[in-house]
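Remarks on the overall topology
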Amino acid sequence: MFSFFRKKSPPAPPAAPPAAPAPPQPPATTQAPAVAVPASLEAERPAPAPATSAAPAPAPATPEPAEARSGWLSRLKQGLRRTGSGLTLVFTGTRIDEALYEELEAALLQADTGLPATEALLADLRRRVKAAKATEPAAVKGLLAEALAELLAPLQKPLVIGEARPTVIMVAGVNGAGKTTSIGKLTRHLAQADCKVLLAAADTFRAAAREQLAVWADRNRVEIVAQQGGDPAAVSFDAVAAGRARGCDVVIADTAGRLPTQAHLMEELKKIRRTIAKAQDGAPHEVLLVVDGNTGQNALAQVKAFDAAVGLTGLIVTKLDGTAKGGVLAAIARWGAGRAGGPVPVYFIGVGEKLEDLQTFDAREFAQALLS
């Protein structure tokens with residue numbers, strides 16, 4: 001399991017009183033078994049009582065093994081190999097000249113980086129090459145990775161769970177982006193982090209969507225609120241109300257897939273958001289858009305349209321294991337730099353169908369994978 005929450009430090013326990021002399025036959029004490037709280041869970045939990053033994057307890061193991069992350073990075077590099085090979089060919093020459101920058105510009109544009117992000121990267125790269133006094137094209141590749149990581153850094157942000165109870169997450173996306181599957185994977189990780197999750201099947205038009213979400217709910221042993229042919233906003237309202245009554249930590253609303261050009265469906269999405277806000281003050285706390293990484297610059301158009309409609313707070317980029325070029329994340333980062341509310345963070349990226357294939361976004365790792 002991976003860590004994608006910000007952990008609050010528990011309050012320091014009070015100092016233990018001086019120990020009294022031990023009686024000849026002390027009464028037996030029952031010690032509760034230690035429960036490992038994942039580092040990914042952000043919730044107010046009481047601090048455990050200090051141990052009476054002199055030797056300190058060993059630190060808990062990291063929730064995400066380095067081997068698992070390493071294997072996932074290998075799959076990410078494999079998914080982005082088309083872009084990486086195109087960019088790497090630029091640095092096979094022997095000189096740093098204008099021809100190299102022109103070839104690099106063409107390669108970045110072909111990788112769906114977009115003109116604004118490409119111009120910003122090239123300008124930054126020229127400054128870095130001059131400051132480092134680089135003379136070999138191979139050195140320029142490393143400097144480009146640093147420039148790209150810095151451009152993507154504002155997109156790297158953890159998903160916070162626990163500041164409100166329940167934390168209401170509304171998920172949107174176009175048809176076929178992997179929205180319901182991503183919700184299922186996210187639910188699994190939340191459930192493993194001891195979060196009580198309730199799913200809302202607000203995609204009431206497609207029967208397969210409800211069935212798919214019900215399968216994930218059954219697999220993860222979480223509850224689901226569904227209604228065949230009902231109003232999506234009403235289902236979302238009922239789910240939030242049920243989540244509050246049942247003491248759930250998280251409520252996730254799965255909305256129907258829609259194209260941003262379908263005005264009536266975008267209006268329905270706005271209605272769902274307004275209805276959720278009526279069910280709980282401050283909700284939805286997260287509005288996530290699931291984006292297919294294979295759609296190139298169209299992904300940026302989707303982000304802009306959905307953000308204008310419902311105000312996005314985060315992204316999940318899927319299917320980076322296919323023909324995705326990956327450069328669109330740089331385009332999203334460049335657009336986000338001029339956004340009034342700041343960049344829309346990328347919480348997760350997916351490279352496959354397995355549960356462990358959904359991982360948190362790391363700007364430096366992604367830049368290195370793109371240029372590997």
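Structure: above.
Residues numbered from 1 in each chain as written. Predicted model: local features only at pLDDT ≥ 70, side-chain atom pairs only at ≥ 80, totals over all residues. Heavy atoms only, no water.

Attention now goes to the pattern of salt bridges. Note that side chains of opposite charge can pair when their charged atoms are close. Here the structure, examined in full by the defined rule, presents 14 salt bridges. A salt bridge links E98 to R126; its shortest N-O distance comes to 3.0 Å. Taken together, the residues span a long stretch of sequence, with E98 in helix α3 (residues 98-110) and R126 in helix α4 (residues 115-132) at a distance of 28 residues. E268 is paired through a salt bridge with R258; the nearest N and O atoms lie 3.0 Å apart. Taken together, the residues span a long stretch of sequence, with E268 in helix α9 (residues 263-279) and R258 in the loop between β4 (250-254) and α9 at a distance of ten residues. (Salt bridge = Lys/Arg side-chain N within 4 Å of Asp/Glu carboxyl O. Helix = DSSP H or I, 4+ residues; strand = E, 2+ residues; numbered from the N terminus.)

Let us look at the side chain of D112. If you trace the backbone, D112 turns up in the loop between α3 and α4. Contact partners of D112, with chain neighbours within four places excluded, come to G296, Q297, K325, G327, V328 and A331. (Contact = heavy atoms within 4.5 Å.)

Residues L152, I252 and F366 are the most contacted members of the largest nonpolar core, which totals 101 residues. Filtering out sequence-adjacent residues up to four positions away, I252 remains in contact with I169, V171, I183, L186, T187, L190, V197, L198, L199 and A200. (Core = buried A, V, L, I, M, F, W, Y, C linked by side-chain atoms within 4.5 Å. Buried < 20%, exposed > 50% of the residue type's maximum accessible area, 1.4 Å probe, protein only.)

Moving on, we come to a negative patch on the surface. Together, E102, E103, E105 and E119 make up a negatively charged patch on the protein surface. Top element by residues in the negative patch is α3. It accounts for three residues. Take E102: it is sitting in helix α3. Overall, E102 belongs to the exposed group, its relative accessible area being 52%. (Patch = residues over 30% accessible without salt bridge, like charges linked within 9 Å, V, L, I, M, F, W, Y side chains within 5 Å. Areas by Shrake-Rupley, 256 points an atom, 1.4 Å probe, with all protein chains shown as cover. Lys, Arg positive; Asp, Glu negative; His and termini not counted. Charge placed at Lys NZ, Arg CZ, Asp CG, Glu CD.)

Counted residue by residue, helix α11 (residues 328-337) has seven buried out of ten residues, so it is predominantly covered. Next to the buried residues of α11 lie α4, α5 (137-152), α10 (297-310), β6 (314-318) and α12 (363-370).

Moving on to the sheet that holds strand β5 (residues 286-292). Judged by pairing direction, the sheet is mixed, and its eight strands sit side by side in the order β3-β2-β4-β1-β5-β6-β7-β8 without closing on themselves. Both outer strands of the open sheet, β3 (223-225) and β8 (358-360), are each paired with one neighbouring strand and no more. Averaged over all pairs of adjacent strands, the angle between strand axes in this sheet comes to 25°, irrespective of strand direction. Here three bridges tie β6 to strand β7 (residues 346-350), and the two strands are oriented parallel to one another. Looking at the pairing, L315 lines up with V346 of β7. Packed on one face of the sheet, helix α8 (residues 232-245) meets β1 (167-173), β2 (197-201), β3 and β4 and runs near 165° to β2. Against the sheet, α9 contacts β1, β4 and β5, and its axis sits at roughly 180° relative to β1. (Pairing = 2+ DSSP bridges. Axes fitted to C-alpha atoms, helices over the stretch in contact; angles between N-to-C directions.)

What follows covers the environment of V328. Topologically, V328 is positioned in helix α11. It is 9.9 Å that separates the C-alpha atoms of V328 and L108, two residues lying 220 residues apart in sequence. Dropping the residues within four chain positions of it, V328 is found in contact with A111, D112, G296, Q297, A299 and L300.

This next bit is on the pairing of β1. Where burial is concerned, most of β1 is hidden: seven out of the seven residues are buried. The alternating pattern of β1 places T167, I169, V171 and G173 and V168, M170 and A172 on opposite faces, both of which are buried. Note: β1 against β4, five bridges, orientation parallel. In the sheet register, V171 faces β4, and the bridge partner there is D254. Pairing between β1 and β5: five bridges, direction parallel. Bridging from a neighbouring strand, M170 pairs with V287 of β5.

Here the focus is the side chain of D124. Within the secondary structure, D124 sits in helix α4. With residues up to four places along the chain from it excluded, the contact list for D124 reads A147 and E150.

Packing of α5 against α12 brings their axes to within 8 Å, and their N-to-C directions diverge by 140°. The angle between α5 and α12 places the two elements in the oblique class. For the pair α5 and α12, the crossing hand works out as right-handed. For the pair α5 and α12, the contacting residues are A145, L148, A149 and L152 in the first and A363, R364, F366, A367 and L370 in the second. Of the residues in the contact of α5 with α12, the class split is eight nonpolar, no polar and one charged. (Parallel < 35°, antiparallel > 145°, perpendicular 65-115°, else oblique. Left-handed = near helix turned anticlockwise from the far one by under 90°. Nonpolar A, V, L, I, M, F, W, Y, C, P; charged D, E, K, R; others polar.)

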